[in-house]
Amino acid sequence: MSKNNRVRITNERLNSYGTRVLTSGMDVSQYERNPVLLYMHQRGDVIGCVKDLKVEGDEVTGELMFDEATELSVRCKKQWEFGSLKMVSVGIDVLELSEDKKYLVEGQTCPTVIRSKLFEVSLVDIGANDDAIVLMKDGQRLEMGKDGESPLPKLNQHKNQEENMDKKEIALLLGLPADASDEAIKAKINELKTAADERAELSKENDALKLSRIEAAVDGAIAEKKIPADKKDHFVELGKQVGVESLNATFDAMTPQVKLSQVLGHQGGAPADNSWKKLSDVPEDKILELRKNNPDEYKRLYKAEYGVECVITD
């Protein structure tokens, strides 16, 4: 037998099945009471035991002891010492899995085994990788060998199930059958999106039309001197809030602004047209009215026409 028979039984490296087994969460107490060494994980093929089992850092190590009680054990011992058999593997009962990011490493595709129980150690010929193991989960055996199949879920598998549930809910919300295909769901979503885009475009056109009507109403009020031009933006914003109908009702209740000179010119006499420069500018049908109702304006225009003062005797 080799002088140094201590081997690494397991560690926390990522294995070929895309999972890791945390050494810190591995219970070895039961195995220490029965540290059996099997051949190829086969019950009944006991070839010895593991002595001086140690858990150090992220590794579990031990010394292989071949009992040589069977022909198989003798052969395995010789092949171990020769080097033709040099890989060991563990049998682990999976107690708890986790998808927490703090337990995941790059390339990992299955949840991390954070709690487990060591139940056997085997001498094997070809493992899945340098840290081959056997896992038991929910009574199903996972052999980390060349042809093993994994009962472990893939990462986010439960999320995929949730996504499938969401897909059914989405299909029903869209008015489709619960088992509608992805293509049917996408087509319905595109149809609704197109309709929404058309409604949005129509809404923009309606908003532009409303704004145009509001601005026209405000411009009309400015032209009628109901509001000053510098207040245009204020009344446009008001129209956006109350609507063009209410805005027009507000303008209808307003009276046009007039200059004080126009008001004074109208008091006690006929209105005067500021464009009249001389008496001949006054329409004939307005002259007598002007002479009677606004004699001062009549005198001004008379003097401008003939260059002499006018005396009104009647």
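Rules of the game
- Residues numbered from 1 in each chain as written.
- Predicted model: local features only at pLDDT ≥ 70, side-chain atom pairs only at ≥ 80, totals over all residues.
- Heavy atoms only, no water.
- Helix = DSSP H or I, 4+ residues; strand = E, 2+ residues; numbered from the N terminus.
- Buried < 20%, exposed > 50% of the residue type's maximum accessible area, 1.4 Å probe, protein only.
- Areas by Shrake-Rupley, 256 points an atom, 1.4 Å probe, with all protein chains shown as cover.
- Core = buried A, V, L, I, M, F, W, Y, C linked by side-chain atoms within 4.5 Å.
- Contact = heavy atoms within 4.5 Å.
- Axes fitted to C-alpha atoms, helices over the stretch in contact; angles between N-to-C directions.
- Parallel < 35°, antiparallel > 145°, perpendicular 65-115°, else oblique.
- Nonpolar A, V, L, I, M, F, W, Y, C, P; charged D, E, K, R; others polar.
- Phe/Tyr/Trp six-rings, centres within 6.5 Å; stacked < 30°, edge-to-face > 60°.
- Pairing = 2+ DSSP bridges.
- Left-handed = near helix turned anticlockwise from the far one by under 90°.
- Arc of directions from axis to C-beta.

Draft legend 1. Here's a closer look at the overall build of the chain. Helix and strand counts for the chain stand at 9 helices and 9 strands. Split into buried and exposed, the 314 residues of the chain put 32% on the buried side. Taken as a whole, the chain presents about 19900 Å² of accessible surface, with 49% of it coming from carbon and sulfur.

Draft legend 2. Fine view of the nonpolar core. Ranked by size, the top nonpolar core spans 28 residues in total, and within it Leu64, Leu118 and Leu123 carry the most contacts. When near neighbours in sequence (up to four residues on either side) are disregarded, Leu118 contacts Met26, Asp27, Val28, Tyr31, Leu53, Val90, Gly91 and Ile92. Of all hydrophobic cores here, the second largest spans 10 residues; its members include Ile214, Ala217, Val218 and Ala221.

Draft legend 3. Highlighting the packing of helix H4 (residues 182-223) against helix H6 (residues 244-252). At a minimum axis separation of 10 Å, H4 and H6 run at an interaxial angle of 5°. The orientation of H4 with respect to H6, classified from their angle, is roughly parallel. Taken together, the residues of H6 that come into contact with H4 (itself represented by Arg213, Ile214, Ala217, Val218 and Ala221) are Val244, Glu245, Leu247, Asn248 and Phe251. In terms of residue class, the contact of H4 with H6 is made up of 7 nonpolar, 1 polar and 2 charged.

Draft legend 4. Structural view of the packing of aromatic side chains. Scanning all chains against the criterion turns up 3 aromatic pairs. With 5.6 Å between their ring centres and 50° between their planes, Phe235 and Phe251 make a pair best called tilted. Taken together, the positions of Phe235 in helix H5 (residues 232-242) and Phe251 in helix H6 put the pair 16 residues apart, joining distant regions of the chain. By relative accessible area, Phe251 is classed as buried at 5%.

Draft legend 5. View of the pairing of strand E4 (residues 46-56). Sheet analysis places strand E3 (residues 36-39) next to E4, joined by 3 bridges and oriented antiparallel. Paired with Val36 across the strands is Cys49, a residue of E4. Hairpin geometry of E3 and E4 is characterised by an intervening segment of 6 residues between the two adjacent antiparallel strands and by a positive phi of about 55° at Met40. Pairing of E4 with strand E5 (residues 59-66), which is carried by 7 bridges, proceeds in the antiparallel orientation. Along E5, the bridge assignment pairs Gly48 with Phe66. Where E4 folds back on E5, the antiparallel hairpin that results is connected by 2 residues, among which Gly57 adopts a positive phi of roughly 60°.

Draft legend 6. Looking closely at the packing of H4 against H5. Between H4 and H5, the shortest axis-to-axis distance is 9 Å and the interhelical angle comes to 135°. The pairing of H4 with H5 is recorded here as oblique in orientation. Our pair here, H4 against H5, has a crossing hand that is right-handed. Facing Leu211, Ile214, Glu215, Val218, Asp219 and Ile222 of H4, the residues of H5 in contact are Lys232, Phe235, Val236, Gly239 and Lys240. Residue composition of the contact of H4 with H5, grouped by class: 6 nonpolar, 1 polar and 4 charged.

Draft legend 7. Structural view of H6. Among all positions in H6, only Val244, Leu247 and Phe251 are buried. Projection of H6 onto a plane perpendicular to its axis shows the buried side chains occupying an angular sector of 60°, all on one side. Turned more than 90 degrees away from the buried face of H6, the exposed residues are Glu245 and Asp252. On the buried face of H6, the contacting elements are H4 and H5.

Draft legend 8. Region of interest: unusual backbone geometry. For Met40, which is not glycine, the phi torsion reads 55° and is therefore positive. Here Met40 lies in the loop between E3 and E4. Positive phi outside glycine occurs at Glu68, with the angle close to 55°. In this structure Glu68 comes out as partly exposed when scored by relative accessible area, which is 39%.

Draft legend 9. Seen up close, the environment of Pro153. The topology assignment puts Pro153 in the loop between strand E9 (140-143) and helix H3 (157-173). Excluding residues within four positions of it along the chain, Pro153 makes contact with Leu97, Cys110 and Pro111.

Draft legend 10. The environment of Val46, seen in detail. As for its placement among the helices and strands, Val46 is situated in strand E4. A residue is classified by how much of its surface remains accessible, and Val46, at 36% relative accessible area, is partly exposed. The spatial distance from the C-alpha of Val46 to the C-alpha of Ala69 is 9.2 Å, given a sequence separation of 23 residues. Aside from chain neighbours lying at most four places away, what touches Val46 is Val36, Leu37, Leu38, Asp67 and Thr70.

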